[in-house]
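# Observations on the model geometry
Letter by letter, the chains look like this.
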There are 2 protein chains.
Amino acid sequence: MTNINLYTKKLRESGLRPTKQRLKICEVLFSSEKTFHFTINDLTKIIEEKLSEKISLATVYNTIHAFKKKGYLKEISINSDKSYFDTNITDHQHFFDEDKSQLIDCGDDEIDSVNVKRNITGKKIKSIEVLIRVASDNQNQN
Amino acid sequence: MTNINLYTKKLRESGLRPTKQRLKICEVLFSSEKTFHFTINDLTKIIEEKLSEKISLATVYNTIHAFKKKGYLKEISINSDKSYFDTNITDHQHFFDEDKSQLIDCGDDEIDSVNVKRNITGKKIKSIEVLIRVASDNQNQN
DNA sequence: AAATACTTTAAAACTATTCTAAACTATTGA
DNA sequence: TCAATAGTTTAGAATAGTTTTAAAGTATTT
């Protein structure tokens, strides 16, 4: 019925032991077909609601970092007090709704690919991140 | 000799009182022809080195925020524990050297302008930020 | 089943930033 | 010019997100 075997395999294959906590987090993150964005705070709330047992905050951080390192999650750059993560690991860009502090995926067909003409000597491009900040029209900005 | 009168005028015109502290920070930030990037920590270090008297950390924060609000500085999004600021307030993008945690300006001629084809209903684009992360070739990323 | 290595945990520590409220300073206007 | 005022600076406390610690627990290996 569940994807537990799948996640167990996935974790083992990447050298992570399939613990109860990691499997639960996998379920929360990867069992929906839709990808989504979350902060650690969001995630702990979801876990609290969906779970009978608690997962320590440190474990949530550990796991998210491990998953990011393995490429199962992406971290998104927003100048902000907190980090955002994305379960959509394909190459794509984001809108950031400043009114709601909410990320919105920007499909490949919705933005032209960015063409960088300059090369930094001895360096390789690791990623190109575009963030389109939006806010409602009637914003006072002073 | 100095630009103090200039800064005094600039501050007064934007409704900020030209205090000793603000004028000193203006000198540090705006007296060189070259623009540059800095963190609050960088700035306090520069101030400590160049100044006879101390400026309180809270004042540095206050001033930088005031200057940003007035458009004299830009804040740059890097997923990070700290904020980066830029004295170059023209529209431009950045490389981020992950080895040195250092920003590098990307000139308009070095990147094609980003074309966004999608519109978020009721929202206006406030900014389009591109961050090109670079690192040395021989990086182990696991 | 014992040994090993990895993982979880609560709590402490840490870092960047913001807040507080009292002292201070620039500006206003009589 | 001088007092009233409004804005500013300050040290230190507070906060928020995140990381570290070290001990207890669990999965894996032998």
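Worth saying up front: this structure is predicted, and the values here are computed from it rather than measured.

## Structural notes on the environment of Gly122 of chain A
Tracing the backbone through its elements, the reader meets Gly122 of chain A in the loop between β5 (102-106) and β6 (123-136). Those residues within four positions of Gly122 of chain A in sequence are excluded, and the remaining contacts are Ala135, Ser136 and Asp137 of chain B.

## Let's talk about the interface of chain A and chain B
Where interface size is quoted, it is often the accessible area lost as the parts come together. Each partner contributes to the interface: chain A provides 43 residues, whereas chain B provides 43 residues. Together, the buried faces of chain A and chain B total about 3900 Å²; carbon and sulfur atoms form 47% of this surface. Counting across the interface, chain A meets chain B through ten salt bridges. Residue Lys123 of chain A is joined to Asp99 of chain B by a salt bridge in which the shortest nitrogen-to-oxygen separation is 2.6 Å. Inspection of the region where chain A meets chain B yields 32 residue pairs in polar contact (both at pLDDT 80 or more). Where the side of chain A that touches chain B is concerned, the elements lending two or more residues are β2 (74-76), β4 (93-97), β5 and β6 of chain A. A class-by-class count of the residues in the side of chain A that touches chain B yields 16 nonpolar, ten polar and 17 charged.

## Focus: the pairing of strand β5 (residues 102-106) of chain B
Looking along a regular strand, one sees side chains alternate from face to face of the sheet. Residues and elements named next belong to chain B. Pairing of strand β4 (residues 93-97) with β5 involves five bridges; the strand directions are antiparallel. Within β5, the residue paired with Phe96 across the bridge is Leu103. Between β4 and β5, which pair antiparallel one after the other, the connecting turn spans four residues, and Ser101 there sits at a positive phi close to 50°.

## Concerning the protein's contact with DNA strand D
Taken together, 22 residues sit near DNA strand D, with Tyr61 and His65 of chain A together with Thr19, Gln21 and Arg22 of chain B positioned nearest. Counting only atoms of DNA strand D within 4 Å of the protein, the sugar-phosphate share comes to 77%. In this structure, a phosphate oxygen belonging to DNA strand D sits 2.6 Å away from a side-chain N or O atom of Tyr61 of chain A. Contact between DNA strand D and Ser83 of chain A: a phosphate oxygen at 3.0 Å from a main-chain N or O atom of the residue. Looking at the surface near DNA strand D residue by residue, the classes come out as eight nonpolar, seven polar and seven charged.

## Observations regarding the protein's contact with DNA strand C
Taken together, the neighbourhood of DNA strand C is formed by 22 residues, with Thr19, Gln21 and Arg22 of chain A together with Tyr61 and His65 of chain B sitting nearest. In DNA strand C, atoms within 4 Å of the protein come from the sugar-phosphate backbone in 78% of cases. Between a phosphate oxygen of DNA strand C and a side-chain N or O atom of Arg22 of chain A, the distance comes to 2.6 Å. Those elements giving two or more residues to the surface near DNA strand C turn out to be α2 (20-30) and α4 (57-69) of chain A together with α4 (57-69) of chain B. The leading source of residues in the surface near DNA strand C is α4 of chain B, at four residues.

## Quick look at the domain arrangement of chain A
Residue and element names in this part refer to chain A. When cut into domains, chain A gives domain 1 (4-76) and domain 2 (89-134). Once you take the C-alpha centre of each, domain 1 and domain 2 turn out to be 24 Å apart. A combined buried area of about 600 Å² lies between domain 1 and domain 2, and 59% of that area is made up of carbon and sulfur atoms. By the criterion of area lost to domain 2, the three top residues of domain 1 are His37, Lys74 and Ile76, representing 76% of everything that side buries. At the boundary of domain 1 with domain 2, the tally comes to zero salt bridges. Applying the counting criterion to the domain 1 and domain 2 interface returns three residue pairs in polar contact (both at pLDDT 80 or more).

## Focus: the sheet that holds strand β3 (residues 84-86) of chain B
Residues and elements named next belong to chain B. The antiparallel open sheet is built from three strands, whose spatial order is β1-β3-β2. Each edge of the open sheet is held by one strand with a lone partner, namely β1 (37-39) and β2 (74-76). Across the sheet, the mean angle from the axis of one strand to that of its neighbour is 35°, orientation sign disregarded. In terms of strand pairing, β1 meets β3 through three bridges, oriented antiparallel. Each residue of the ladder has a partner; that of Phe38, found in β3, is Phe85.

## Concerning the relation of the copies chain A and chain B
The two copies are related by a screw operation: chain A maps onto chain B through 179° of rotation and 0.0 Å of translation along the axis, at an RMSD of 0.1 Å. On this basis, the relationship between the two copies can be described by a two-fold rotation axis. By C-alpha distance to the rotation axis, the residue of chain A lying nearest is Val130 of chain A, at 2.2 Å. Comparing interface residues between copies, 100% of those in chain A also sit at the interface in chain B, which points to an isologous, same-surface contact.

## Re unusual backbone geometry
Most of the time, phi is negative for any residue but glycine, and the peptide bond is trans. We note that Ser101 of chain A has phi near 50°; this positive angle belongs to a residue other than glycine. Within the element layout of this structure, Ser101 of chain A appears in the loop between β4 and β5.

## What to know about the sheet that holds β4 of chain A
Each strand in a sheet pairs with its neighbour through backbone hydrogen bonds, running either in the same direction (parallel) or in the opposite one (antiparallel). Ordered in space as β5(A)-β4(A)-β6(A)-β6(B)-β4(B)-β5(B), the six strands form an open sheet in which the pairing is mixed. Either end of the sheet is taken by a strand with one partner, and the two such strands are β5 of chain A together with β5 of chain B. Each adjacent strand pair in this sheet contributes to an overall mean axis angle of 30°, direction not counted. Sheet topology places β6 of chain A next to strand β6 (residues 123-136) of chain B; 13 bridges connect them, and they run antiparallel. What sits directly across from Ile125 of chain A, in β6 of chain B, is Val134 of chain B.

The rules behind the values
Residues numbered from 1 in each chain as written. Chains lettered and ligands numbered in written order. Predicted model: local features only at pLDDT ≥ 70, side-chain atom pairs only at ≥ 80, totals over all residues. Heavy atoms only, no water. Helix = DSSP H or I, 4+ residues; strand = E, 2+ residues; numbered from the N terminus. Contact = heavy atoms within 4.5 Å. Buried area = accessible area lost by both parts, 1.4 Å probe. Salt bridge = Lys/Arg side-chain N within 4 Å of Asp/Glu carboxyl O. Polar contact = N/O pair within 3.5 Å; in protein donor to acceptor, adjacent residues only side chain to side chain. Nonpolar A, V, L, I, M, F, W, Y, C, P; charged D, E, K, R; others polar. Pairing = 2+ DSSP bridges. Near = heavy atom within 4 Å. Domains from an automatic or database assignment. Axes fitted to C-alpha atoms, helices over the stretch in contact; angles between N-to-C directions. Least-squares fit on C-alpha atoms with pLDDT ≥ 70 in both.

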